[in-house]
Amino acid sequence: MTNDKVLQVRNLSKVYGKGCSKCFELTGPEHNTNICPHCGSVVAAHDISFDLYKGEILGIMGESGSGKSTAVKNLFFDEIPSSGQAIFFDEGKQYDLFNLNAQQKRHLRNHRFGMVYQNPHLGLNFNVSAGGNIAERLLMSQLSNYQEIRERAIELLHRTEVLTERMDEMPKNFSGGMQQRVQIAKALATNPTLLFLDEVTTGLDLSVQAAILDLIMEIQRESETAMIAVTHDLGVIRLLAGRTIVMKYGRIIESGLTDQILEDPQDAYTQRLVASAL
Amino acid sequence: MNIQPILEVEDFSKTFILHEQGKSLPSSQSVFLKAFPGRLTALIGPTGAGKSTVLKGIYRTYLPTSGRIMFTTGQGQILDLALADEHKILELRQEEIGFVTQFLHTLPRQSTEDVVAMPLIKEGVPHDIALEKARDILGKLNLPERLWAVSPATFSGGEKQRVNLARGLLAQPRLLLLDEPTASLDAKTTDRVIELIQNLKETGTAMIAIFHDMDLVKKLADDVVKLEPPVGTEHFFNSNTNEVA
Ligand SMILES: Nc1ncnc2c1ncn2[C@@H]1O[C@H](COP(=O)(O)OP(=O)(O)OP(=O)(O)O)[C@@H](O)[C@H]1O
Ligand SMILES: Nc1ncnc2c1ncn2[C@@H]1O[C@H](COP(=O)(O)OP(=O)(O)O)[C@@H](O)[C@H]1O
Ligand SMILES: [Mg+2]
Ligand SMILES: [Mg+2]
Ligand SMILES: [Zn+2]
């Protein structure tokens, strides 16, 4: 089983602000804040540790501001962590994520990782067409022949159920659900080993949400891509994630099998969260 | 009798700590039971005796408070399900341990026949063969054919139960847990379920089933374990200190 590990995160921390020696002591669930009263820094995430295996979907849930996106952004190199370690295992190689040079980071981001942002403006280039967005990502990989790239883009849009007739339209013409599909197509373009999903279905109509969730499950079944799914929607967690992490004020307060987290939550906060969602 | 159990539950107890209500609720107490290949162990007892709690504890939907749940895997490895690594539990759920409950969580676009065939497809059975088997068992369980291609998301309780049974039985796990598998079924379908459970026993599956109908116990059980509601039921504590009041 250990051969199937994709990601190992240990003690990841991210502090916004200058930080002080009291930051970690004075923040967290027991202090009901992530802001250090001593220096005013935000402890957005602290002491985050978990493992992710091939083909697995790990859920991260928690209320707004609990540090879910922060955890994911640090792993995708959108942010630089304050401390901690993350090892990415891929094709027999091992990458110490927080000690790579810029070129190595770019390589992983462009080829081995995929990200679907809650806000499509972060994941898509709104100045080029849907097809162009996918082509941009493919151009950074081995494909260089125009025809090959176009064919692969069509295949991906077809896969994510975006009408291929519309591939030359700009993303701003698309509905929210469609923009998410284009983001997913773009993220999948290079057959990534690891896919980050940050609130992929938030703000979409129920039927559109359902279709996107179906799509994600299909991708998981077909490709064995490991995924981290950030959401505050317990229904999404239940459907997608085998294991779940619960965060509050930057810390992991509980983690376990998803059905256990939802049916036998141990922590008072998780119990309240689950009860209020019923 | 000289067969080895594949599961031995030893002194299992579960107490829920409900922080919001400041309460601790003993739910199952000192449960001992075994499951054998090709045999069915019936769990009986009044409502609130903790029967479902035991099954959920074995499946690790509930974290046991104490006790050991020793399972012998297909590879001959013996492990305590109460302590096993989460990835190991997920692997066992996929390959060796099935659970038929009254609840069904599925994706809205997945058809009933796909839901039922999924465990076989994941095992590598070709799609068309898996679908054929799924339809066959759905037919045996009297689920109207017009529902096979539809998502079970909006099915009635009895229809969902048929889908759960079809999926659970078709997968032929080494250990199958059944929580009142016929609770919302008519007499005719119940007879079919009895037949299917008997067939599954013959293939060597070990089963633990909760029945409230003694007639079913008589027909299907090889061993019977009776549970009583835990004594000294609720304890209140000060939720700020978590100490027993
Ligand atoms: N660039 C930044 N500068 C300062 N503080 C930040 C920055 N980015 C995030 N934070 C703070 O870090 C904390 C965690 O933010 P994060 O975006 O990870 O939350 P989240 O769990 O994803 O919330 P949501 O569910 O609302 O998306 C918040 O208190 C947020 O205000
Ligand atoms: N998730 C839970 N949280 C809190 N209490 C629970 C939970 N599940 C079961 N219980 C309680 O545990 C006791 C035993 O329940 P259960 O195992 O369902 O009994 P049975 O199946 O024998 O009728 C009941 O008092 C029930 O309310
Ligand atoms: Mg966020
Ligand atoms: Mg019950
Ligand atoms: Zn500080």
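Refer to the structure above for everything that follows.
Being a predicted model, the structure only gives us computed values, none of them experimental. (Residues numbered from 1 in each chain as written. Chains lettered and ligands numbered in written order. Predicted model: local features only at pLDDT ≥ 70, side-chain atom pairs only at ≥ 80, totals over all residues. Heavy atoms only, no water.)

Asks: Looking at this structure, how should I read the sheet that holds strand S2 (residues 42-53) of chain A?
Replies: Sheet strands line up and pair through hydrogen bonds in the backbone, either parallel or antiparallel. Residues and elements named next belong to chain A. The four strands lie next to each other as S2-S1-S4-S5, forming an open sheet whose pairing is antiparallel. The strands lining the two open edges of the sheet, one partner per strand, are S2 and strand S5 (93-96). If you compare each strand with its neighbour and ignore which way they point, the axes differ by 15° on average. For strand S1 (residues 5-16) and S2, the ladder comprises eight bridges, and the chain directions are antiparallel. By the bridge assignment for S2, Gln-8 is matched with Asp-51. Relative to the sheet, helix H1 (residues 68-75) contacts S1, S2 and strand S4 (83-90), its axis offset from that of S1 by approximately 115°. (Pairing = 2+ DSSP bridges. Helix = DSSP H or I, 4+ residues; strand = E, 2+ residues; numbered from the N terminus. Axes fitted to C-alpha atoms, helices over the stretch in contact; angles between N-to-C directions. Contact = heavy atoms within 4.5 Å.)

Asks: Looking at this structure, how should I read the coordination of the zinc ion (ligand 5)?
Replies: Around a metal, the perfect tetrahedron of four donors has angles of 109.5 degrees, and the perfect octahedron of six donors has angles of 90 or 180 degrees. Residues and elements named next belong to chain A. At this site the zinc ion (ligand 5) is bound by Cys-20 (SG), Cys-23 (SG), Cys-36 (SG) and Cys-39 (SG), with donor distances of 2.3 to 2.4 Å. Within one chain, the residues donating to the zinc ion (ligand 5) are spaced in sequence as C-x2-C-x12-C-x2-C. Residue classification places Cys-23 among the buried residues on the basis of a relative accessible area of 2%. (Donors = N, O, S within 2.8 Å, 3.2 Å for Na, K, Ca; no water. Buried < 20%, exposed > 50% of the residue type's maximum accessible area, 1.4 Å probe, protein only.)

Asks: Is there a simple way to explain helix H1 (residues 51-59) of chain B in this structure?
Replies: All names here are of chain B. Burial within H1 is extensive, with eight of its nine residues counted as buried. Those residues of H1 that fall on the buried side of the exposure criterion are Lys-51, Thr-53, Val-54, Leu-55, Lys-56, Gly-57, Ile-58 and Tyr-59. Following H1 by one or two positions, Arg-60 has its phi on the positive side, about 70°.

Asks: What should I look at first to understand the site of ligand 2 in this one?
Replies: Taken together, 14 residues lie near ligand 2, and B:Ser27, B:Lys51, B:Ser52, B:Thr53 and B:Tyr62 sit nearest. Ligand 2 is flanked by residues contributed from chains A and B. A distance of 3.0 Å is found between an oxygen atom of ligand 2 and a backbone nitrogen or oxygen belonging to B:Gly50. B:Lys51 places a main-chain nitrogen or oxygen 2.8 Å from an oxygen atom of ligand 2. (Near = heavy atom within 4 Å. Polar contact = N/O pair within 3.5 Å; in protein donor to acceptor, adjacent residues only side chain to side chain.)

Asks: Got a minute to help me understand the sheet that holds strand S8 (residues 206-210) of chain B in this structure?
Replies: Residues and elements named next belong to chain B. An order of S6-S7-S8-S3-S9 is seen for the five strands of this open sheet, with the pairing classed as parallel. Among the strands making up the open sheet, the edge pair consists of strand S6 (97-100) and strand S9 (223-226). Each strand axis lies, on average, 15° off the axis of its neighbour in the sheet, ignoring direction. Sheet topology note: the S6/strand S7 (residues 175-179) ladder contains four bridges and is parallel. In the sheet register, Ile-97 faces S7, and the bridge partner there is Leu-175.

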